[in-house]
Amino acid sequence: MKLHFTKMQGAGNDFVVLDATRGPLALTPEQYRRLGDRRFGVGADQILVVEKSGTPEVDFRYRIFNGGSGDEVEQCGNGARCFVRFVQDKHLTDKSTVRVQTMNTLLELRAQPDGRVTVDMNAPVFDPARVPFDAAGLVPREQNGFALWPLDLGDYAVDVAVLSMGNPHAVQFVHDVDGAAVGTQGPMIETHARFPRHVNAGFAQVLSRSHIRLRVHERGAGETLACGTGACAAVVAGIRLGLLDAKVDVDTRGGQLTIEWAGGASHVFMTGPAVTVFEGEIEL
């Protein structure tokens, strides 16, 4: 089959976007992996599928598949920004604010006049069972009233903040993000037995109360140039630990994101770029 696609990126986190509003796509995990393959396919961290909504108050359904594994996942913040840019550019909507249904949540996406997109990422989830994270038998270290959980990596343990931004995250704060053991610790944390659905592993360096640097080993994709939900998780964890203020610029290797969170049960807002790279067709 020939498949038309759009290649997009948000702060270097790249996506293949597929329009399934005119009819369903019945692609296999192997075909999603082919699309994500950087040698034999288009190449992408995730594949985003735009579908019609089944309810009047929701504009679109939004599905996300990892480019490396082909598995469907719950959330992708950088992809959400590309999603709203795609549906506007393709004239699928004339709205500047779009509501989309993901696997497990409802997102509100707002296009800004400067070309950036703001995503309402909903409220963070801290309950270990809902992340999900198996905390049985563990005693966390408390900092500013927030739990840092000891995660056994074999010869040593690391303290991680555990939370969900629609998908699971384990965030650790490091002195130098360039020297962080992302390549070795990332895969071990991702597949750790205490995370039954695996986890995104974040490594954050605090530069000031309004500025951090971040690297993320993403579940099913490896280290990416940016991770929107990872940026949200890192900032929320930093605020809970007393390290950060309510509005923080996050420098990723692919660009800068701005995260805002007022604390408590309030929603997290993420603002950043969304850019179309090219379009084409591929034989699958």
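Please refer to the structure placed before this passage.
Quantities reported herein were computed from a predicted structural model and do not represent experimental measurements.

Novice: A description of the packing of aromatic side chains should follow, citing residues and the corresponding values.
Specialist: As enumerated under the stated definition, the model contains eight aromatic pairs in all. Centroid distance Tyr-62 to Phe-83: 4.9 Å. Interplanar angle 55 degrees. Geometry classified as tilted. With Tyr-62 in strand S4 (residues 60-66) and Phe-83 in helix H2 (residues 77-89), this pair connects stretches of sequence that are 21 residues apart. Pair check on accessibility: Tyr-62 and Phe-83 agree, each one buried.

Novice: Summarise the pairing of strand S7 (residues 106-111); cite the residues concerned and give the values.
Specialist: The two faces of S7 differ: Leu-107, Leu-109 and Ala-111 on one face are buried, but Leu-106, Glu-108 and Arg-110 on the other face are not. For strand S6 (residues 97-101) and S7, the ladder comprises five bridges, and the chain directions are antiparallel. Across the sheet, the residue bridging to Val-98 is Leu-109, located in S7. A loop of four residues connects S6 with S7, the two strands running antiparallel in sequence. Where S7 and strand S8 (residues 117-120) come together, four bridges link them in antiparallel fashion. Counterpart to Leu-109 in the pairing with S8 is Val-119. Between S7 and S8, which pair antiparallel in sequence order, lie five residues; one of them, Gly-115, sits at a positive phi of approximately 95 degrees.

Novice: With reference to specific residues and values, describe the nonpolar core.
Specialist: One broad rule of soluble globular proteins: the nonpolar side chains tend to lie buried together. In terms of nonpolar packing, the biggest core is built from 54 residues, with Tyr-62 and Ile-259 touching the most fellow members. Of the residues forming this core, the biggest block, eight residues, is contributed by helix H4 (residues 228-240). One finds Phe-133, Ala-135, Ala-170 and Val-199 within the second-largest nonpolar core, a separate group that totals 20 residues.

Novice: Tell me about empty space enclosed by the protein, and name the residues and values.
Specialist: In total, this model carries two cavities of 30 Å³ or more according to the counting rule given. In this structure, the largest cavity encloses a volume near 100 Å³. Forming the boundary of the largest cavity are 16 residues, of which Gln-46, Gln-75, Asn-167, Asn-200 and Glu-218 lie nearest the centre. Sorting the residues of the lining of the largest cavity by element identifies S4, H2 and H4 as the ones contributing at least two each. Among the residues making up the lining of the largest cavity, the classes are represented as four nonpolar, ten polar and two charged.

Novice: Break down the environment of Gly-220 for me, with residues and values.
Specialist: Inspection of the secondary structure puts Gly-220 in the loop between strand S14 (211-218) and strand S15 (222-224). Sequence spacing of Gly-220 and Gly-238 is 18 residues, and the spatial spacing of their C-alpha atoms is 25 Å. With sequence-adjacent residues up to four places away left out, Gly-220 is seen in contact with Asn-66, Gly-68, Ser-69 and Glu-190.

Novice: Give a detailed account of the side chain of Arg-81, specifying residues and quantitative values.
Specialist: Position of Arg-81 among the secondary structure elements: in helix H2. Look at Arg-81: it is buried, it has no salt bridge, and the nearest opposite charge is Asp-114 at 9.8 Å. A polar atom in the side chain of Arg-81 sits 3.2 Å from the backbone oxygen of Gly-272. Not counting the four nearest positions on each side in its chain, Arg-81 is found in contact with Gly-10, Ala-11, Val-117, Val-119, Leu-257, Met-270, Thr-271, Gly-272, Pro-273 and Ala-274.

Novice: Any details on unusual backbone geometry? Residues and values, ideally.
Specialist: Cis geometry is adopted by the peptide bond preceding Pro-132, which originates at Val-131 and carries an omega value of -5 degrees. By the element assignment, Pro-132 lies in the loop between S8 and strand S9 (141-143). Not every positive phi belongs to a glycine, and Ala-11 is a case in point at roughly 60 degrees. Considering the arrangement of structural elements, one finds Ala-11 in the loop between strand S1 (2-10) and strand S2 (13-19). Note on Ala-11: relative accessible area 2%, which makes it buried.

Novice: Tell me what's going on with the layout of surface pockets, and back it up with residues and numbers.
Specialist: As a volume, the largest pocket reaches approximately 230 Å³. For the largest pocket, the lining is made up of 16 residues, of which Asn-104, Val-125, Ser-164, Gly-166 and Asn-167 are closest to its centre.

Cut-offs applied
- Residues numbered from 1 in each chain as written.
- Predicted model: local features only at pLDDT ≥ 70, side-chain atom pairs only at ≥ 80, totals over all residues.
- Heavy atoms only, no water.
- Phe/Tyr/Trp six-rings, centres within 6.5 Å; stacked < 30°, edge-to-face > 60°.
- Helix = DSSP H or I, 4+ residues; strand = E, 2+ residues; numbered from the N terminus.
- Buried < 20%, exposed > 50% of the residue type's maximum accessible area, 1.4 Å probe, protein only.
- Pairing = 2+ DSSP bridges.
- Core = buried A, V, L, I, M, F, W, Y, C linked by side-chain atoms within 4.5 Å.
- 1 Å grid on protein atoms, 1.4 Å probe; cavity = no way out; pocket = protein on both sides within 12 Å on 5 of 7 lines; lining within 4 Å.
- Points joined across faces, edges and corners; volume = space filled by probe spheres on them.
- Nonpolar A, V, L, I, M, F, W, Y, C, P; charged D, E, K, R; others polar.
- Contact = heavy atoms within 4.5 Å.
- Lys, Arg positive; Asp, Glu negative; His and termini not counted.
- Salt bridge = Lys/Arg side-chain N within 4 Å of Asp/Glu carboxyl O.
- Polar contact = N/O pair within 3.5 Å; in protein donor to acceptor, adjacent residues only side chain to side chain.

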